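# Understanding the architecture of this molecule
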Amino acid sequence: MSQTALITGASSGIGAEVARQLVARGLTVLGTSRRPDAIANPIPGVTYLELDQNDPASIARCAEQAGAVDILINNAGESQMGPLEDTPMDVIEKLFATNVFGPIALTKAVLPGMRERRRGTIVMVGSMLSSFPLAFRSSYGATKSALKGFADGTRRELAPFGIAICTVEPGTIATGIGDRRGYYIADNSPYRDDYDTVAAATRRNEDSGLAVTPMAEVIVEAALSKDPKPLYAKGNKAPIVFALRRLLPRRTIGDITGRFHGLSKARP
C-alpha cells in the first residue's frame, strides 16, 4: 500500500536526507520549509509545503494541504545554548513554541485522519541531550525531553487505533547546526569560563560528528517499522552510554557527560 510521509524541516540536514531515503523507498513524500521557494537543492520527488511552527494558521494550512498522512516525522526545530540565568525568558518561550508546541499542534492536526484510517506512525526527532542533560544546553534539552514525554505518554492512547509513536535521539551530528544555533551569554557573565569550555567542546564534537546519512537511516527504520520501539538513539556511542545510564547513578552519568565536554566535577 502506498504511504504518504510528511517530514518537517526537510530543506537541509537530517530532514532532507530522510526525505531522500523515503523517496527512494517509493513513498509519497511531503517536506516542509519556512520558505519552500528558497530551497537551494530541492530533492526530486519531494513536494514542499510551507510551514512556520510558530504560527497556528500555518500549521493548520500545512496539515490541510498535506491531506491523508500515514507517517509524520517531526524533525524541524532550533538549537540554543547559554547559561539559564543569562538566557532571556522570551527566548526560552520561543524555543518551546518552535520545538514543542509547533510539533505537538501538527501532530494533533494529523491524528484524526490516522485514527479514522486506523493506521499511522509519528516520529519525534529528539536529542540525546534529553537522556544526558548538559550544562548550558538546559533549554534545548528540555524541549527535547518534552517531545519524548508527549510520545511516551501518548503511546498507549494511540495504540488501540493502530497508531504508533516513538522518539529518535540523535547524538552529535555533523549538520552545521552550530552555525545556526542561538547563543546567549551576558557580558562579564560569572558562567563565562565553563560556558566557553562547553562551547568549544561542542564545536569540536559537531565538527567530527556522525554523518547525516546513517542518522537518517535510523529515522527511516523507525518510520517504516510495523511496531517501532519507544526510543531509538545513534551517535556518541549510544549503545554503551545508554547501558551505563541504566546501571550507574544519575549523578555519575551527569559527571561523565560533563567530563566529556571538558567540565570538572562540581557540587554545591
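Just above, that's the structure.
What comes next concerns the included structure. (Residues numbered from 1 in each chain as written. Predicted model: local features only at pLDDT ≥ 70, side-chain atom pairs only at ≥ 80, totals over all residues. Heavy atoms only, no water.)

### Comments concerning helix α2 (residues 56–66)
- Turning to α2, its buried residues number three or more, namely Ser58, Ile59, Cys62, Ala63 and Ala66. Each buried residue of α2 lies within a common arc of 135 degrees when the element is viewed along its axis, so the set occupies one face. Away from its buried face, by an angle of more than 90 degrees, α2 presents the exposed residues Pro56 and Glu64.
- Where α2 is buried, its residues touch β1 (4–7), β2 (28–33), β3 (46–50) and α3 (89–117). (Buried < 20%, exposed > 50% of the residue type's maximum accessible area, 1.4 Å probe, protein only. Helix = DSSP H or I, 4+ residues; strand = E, 2+ residues; numbered from the N terminus. Arc of directions from axis to C-beta. Contact = heavy atoms within 4.5 Å.)

### Details of the side chain of Asn74
- For Asn74, the location among the structural elements is in strand β4 (residues 71–74).
- Overall, Asn74 belongs to the buried group, its relative accessible area being 1%.
- The contacts of Asn74, once residues within four sequence positions are left out, are Thr8, Pro103, Leu106, Thr107, Ile122, Val123, Met124 and Val125.

### As for the packing of helix α1 (residues 13–24) against helix α7 (residues 212–224)
- Interhelical geometry of α1 versus α7 gives an angle of 60 degrees and a closest axis separation of 9 Å. The angle between the axes of α1 and α7 places the two elements in the oblique class. Classified by chirality, the crossing of α7 by α1 is right-handed. On the side of α1, the interface is formed by Gly13, Ile14, Glu17, Val18, Gln21 and Leu22, while α7 contributes Val212, Thr213, Met215, Ala216, Glu217, Ile219, Val220 and Leu224.
- Of the residues assigned to the contact of α1 with α7, the class counts are 9 nonpolar, 3 polar and 2 charged. (Axes fitted to C-alpha atoms, helices over the stretch in contact; angles between N-to-C directions. Parallel < 35°, antiparallel > 145°, perpendicular 65-115°, else oblique. Left-handed = near helix turned anticlockwise from the far one by under 90°. Nonpolar A, V, L, I, M, F, W, Y, C, P; charged D, E, K, R; others polar.)

### Describing the layout of surface pockets
- When its volume is computed, the second largest pocket comes out at roughly 720 Å³.
- Along the walls of the second largest pocket sit 29 residues, with Pro133, Leu134, Ala135, Gly254 and Leu263 positioned nearest its centre.
- With 8 residues, helix α9 (residues 250–260) is the single largest residue contributor to the lining of the second largest pocket.
- Among the residues forming the lining of the second largest pocket, the class breakdown is 13 nonpolar, 7 polar and 9 charged. (1 Å grid on protein atoms, 1.4 Å probe; cavity = no way out; pocket = protein on both sides within 12 Å on 5 of 7 lines; lining within 4 Å. Points joined across faces, edges and corners; volume = space filled by probe spheres on them.)

### Focus on the nonpolar core
- Of all hydrophobic cores here, the largest spans 30 residues; its most connected members are Ile7, Val18, Leu22, Ile73, Val123, Val168 and Ile219.
- Elements with a contribution of two residues or more to this core: β1, α1, β3, β4, β6 (120–125), β7 (163–170) and α7.
- Looking at this core, the element that brings in the most residues is α7, giving 8 residues.
- If near-sequence neighbours (up to four positions away) are discounted, Leu22 is found in contact with Ala5, Ile7, Leu27, Val29, Ile73, Val220 and Leu224.
- In terms of nonpolar packing, the next biggest core, distinct from the first, is built from 23 residues, Leu6, Val110, Leu158 and Ile163 among them. (Core = buried A, V, L, I, M, F, W, Y, C linked by side-chain atoms within 4.5 Å.)

Purely geometric numbers; function is a separate question.
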